[in-house]
Amino acid sequence: MINQFSSVSLLYAIEIANATQNIDFTWSRTISSHSLTIKTENIKNEEHDHHHQQVKIDLAGSSFWGKKGLKSLEANDTKVDVYWDFRKAKFSTFPEPSSGFYVSLVSQNAVVLTIGDLKNEAMQRTKKKPSATEAALVSKQEHVHGKRVFYTRTAFGGESSKRENEVVIETSLSGPNDPEMFITVDGVPAIRIMNLNWRFRGNEVVTVSDGVSVEIFWDVHDWLFETSGSSSGLFVFKPKVGDESRTLSFNGGFDGENDDGDNDNGDDGDNDGDDDESPKYCHVLYAVKV
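I will try to describe carefully the structure that is included in this document. None of the values given here were measured: they were computed from a predicted structure.

### With respect to the overall build of the protein
Consideration 1: Regarding its fold elements, the protein presents 2 helices and 20 strands.
Consideration 2: Taking the intrachain contacts of the protein between residues at least 6 apart in sequence as the baseline, contacts between residues at least 24 apart amount to 43%.
Consideration 3: As displayed, the protein offers around 15900 Å² of accessible surface, 46% of which is attributable to carbon and sulfur atoms.

Structural data, given as C-alpha cells:
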C-alpha cells in the first residue's frame, strides 16, 4: 500500500571545480505522482540561492523510453550532466527504488557521483572514470505516514556497508495501559520506552547488528498531545564515530556529555574537534500519524 505522501531527501557532498558542492536528491511519491528532483545547493556562495538549478525526473510516466535520459544543470558555474536509467527499477512502498537503476553525475570529464546498483551500466554509458575525490552522503531526511507502525531503512555503517539496516517504530498510545513505543533494528529490539507521557523526548545509544553504535533521538510530544488532526514524531539516528563526546540536541545545537553545557573547544560548535573533518551522516525521520 502506498502512503498518501512520502518523501526521502538525500544530501551528498561532492567536489566540483575544486570546491565542495551539496547535491540534494529528493524522491517524492503520492497516489497520483512519483518523481526524483536533483538540486544543486551552492555552499560556497550562499547569497546566490536564486541561481540554484534542478532536474526533475518523472517516474510515474508510462513510457518505457522516458525512464532513461540525460539532462544538464550547473554547480559552481560548472556544467554537470545527469544520466539516469529506471527501465529496470524495482519499487516497494518507498519512494526510492530498491534496485535496478542508476543516476550518474558527470562534470569536467569525471563521474562525481553515482547512486543505484547498476554502476557498471552507468560507467559504460558515461564512458568516464570516477572522480579522485569520493562523494559523501551527509544526511537522509524522510517523511512517512502511518497509524501505529513506521518503517524505514538506512545504512548505519555508512556507504561502505554492504546492506541497509531496517528500522521499525511501533507505538501503543491508546488502551488501558500507559503509552509505549518500541524501536527495533534488523528485527532485534533496540529501545522500549514506557511511560511515554513522561518520556516523549529523549535519546539513547544502542549497538546494532553490525556492531555500530547509534544514538537515537525522539520527540513524540505531538503524538500524545496534539488534537487538531495528523501529528508528527521526530526521530534522529546518528551513528557514533570513535570517541565522540558531543551529541545532537533538540534545541538545534550540540550538547556535551555533561549536562552543565560547558564546551572548552573554543569554537562556536561548527567543528566537533575530530581530526576527521569529513561530513558525519545522520538520518532524520518525520513520522506522521494519520
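### Points about the environment of alanine 75
Consideration 1: Checked against the element boundaries, alanine 75 lands in strand β5 (residues 68-75).
Consideration 2: Taking the C-alpha atoms as reference points, alanine 75 and serine 107, separated by 32 residues in sequence, lie 9.3 Å from one another.
Consideration 3: Dropping the residues within four chain positions of it, alanine 75 is found in contact with Ile16, Gln21, Thr40 and Val80.

### Remarks on the sheet that holds strand β8 (residues 110-115)
Consideration 1: On the basis of which strands lie adjacent, the open sheet formed by 5 strands has the order β5-β6-β7-β8-β9 and mixed pairing. Unpaired on one side and paired on the other, β5 and β9 (129-130) mark the two borders of the sheet.
Consideration 2: As paired strands, strand β6 (residues 78-85) and strand β7 (residues 102-107) are joined by 5 bridges and run antiparallel to one another. Opposite tyrosine 83, over in β7, you have serine 104 as the bridge partner.
Consideration 3: Each of β5, β6, β7, β8 and β9 touches helix α1 (residues 119-126); the most contacted strand, β7, lies at about 40 degrees to it.

### Description of the pairing of strand β16 (residues 213-219)
Consideration 1: Most of β16 is tucked away: 6 of the 7 residues are buried.
Consideration 2: As defined by bridge partners, strand β15 (residues 201-207) adjoins β16 across 7 bridges and the pair is classed as antiparallel. Bridged to arginine 201 within β16 is aspartate 219.
Consideration 3: Inspection of the sheet shows β16 paired to strand β17 (residues 231-239) by 6 bridges, in the antiparallel sense. Within the sheet, the bridge partner assigned to tryptophan 218 lies in β17 and is phenylalanine 235.

### Here's the deal with the nonpolar core
Consideration 1: Residues Phe25, Trp27, Leu36, Phe86, Val103 and Leu105 are the most contacted members of the largest nonpolar core, which totals 29 residues.
Consideration 2: Counting residues per element, the ones that place at least two in this core are β1 (5-16), β2 (19-30), β3 (34-41), β4 (54-58), β5, β6, β7 and β8.
Consideration 3: In terms of residue count, β1 provides more of this core than any other element does, 5 residues in total.
Consideration 4: Formed by 24 residues, the second largest nonpolar core is a distinct cluster that contains Phe150, Ile169, Leu196 and Trp223.

### Overview of the pattern of salt bridges
Consideration 1: By the definition in use, this model includes 10 salt bridges.
Consideration 2: The closest approach of N and O atoms between glutamate 164 and arginine 153, which form a salt bridge, is 3.4 Å. Of this pair, glutamate 164 sits in the loop between β11 (149-154) and β12 (165-172) while arginine 153 sits in strand β11, and the two are 11 residues apart along the sequence.
Consideration 3: Looking at arginine 153, the relative accessible area reads 11%, which means it is buried.
Consideration 4: Residue lysine 240 pairs with glutamate 215 through a salt bridge whose shortest N-O separation is 3.2 Å.

How each quantity is defined
- By convention here, each chain's residues receive numbers from 1 onward along its written sequence.
- The model is predicted, so local features are restricted to residues of pLDDT at least 70 and side-chain atom pairs to those at 80 or more, both for listing and for counting; the totals for chains, interfaces and linings are taken over all residues.
- As a convention, hydrogens and water are excluded, and side-chain values are obtained from all of the structure's heavy atoms.
- A helix here means a DSSP run of H or I that spans at least four residues, while a strand means a run of E at least two residues long, and both kinds are numbered starting from the N terminus.
- The contact rule is simple, with two residues in contact once any of their heavy atoms fall within 4.5 Å.
- Accessible surface is estimated by sampling points in the Shrake-Rupley manner with a 1.4 Å probe; for residues, cover comes only from the protein chains shown.
- One requirement defines pairing of two strands: DSSP has to find at least two bridges between them.
- Axis lines are fitted to C-alpha atoms, over the contacting stretch for helices. Their N-to-C directions set the angle, which ranges from 0 to 180 degrees.
- Think of it in three bands: residues with accessible area under 20% of the maximum for their type are buried, residues over 50% are exposed, and the middle band is partly exposed, with areas taken using a 1.4 Å probe on protein chains only.
- Within this scheme, the nonpolar core is defined by two criteria: the residues are buried Ala, Val, Leu, Ile, Met, Phe, Trp, Tyr or Cys, and they are joined through side-chain atoms within 4.5 Å.
- Definition used for salt bridges: Asp or Glu carboxyl oxygen within 4 Å of a side-chain nitrogen of Lys or Arg.

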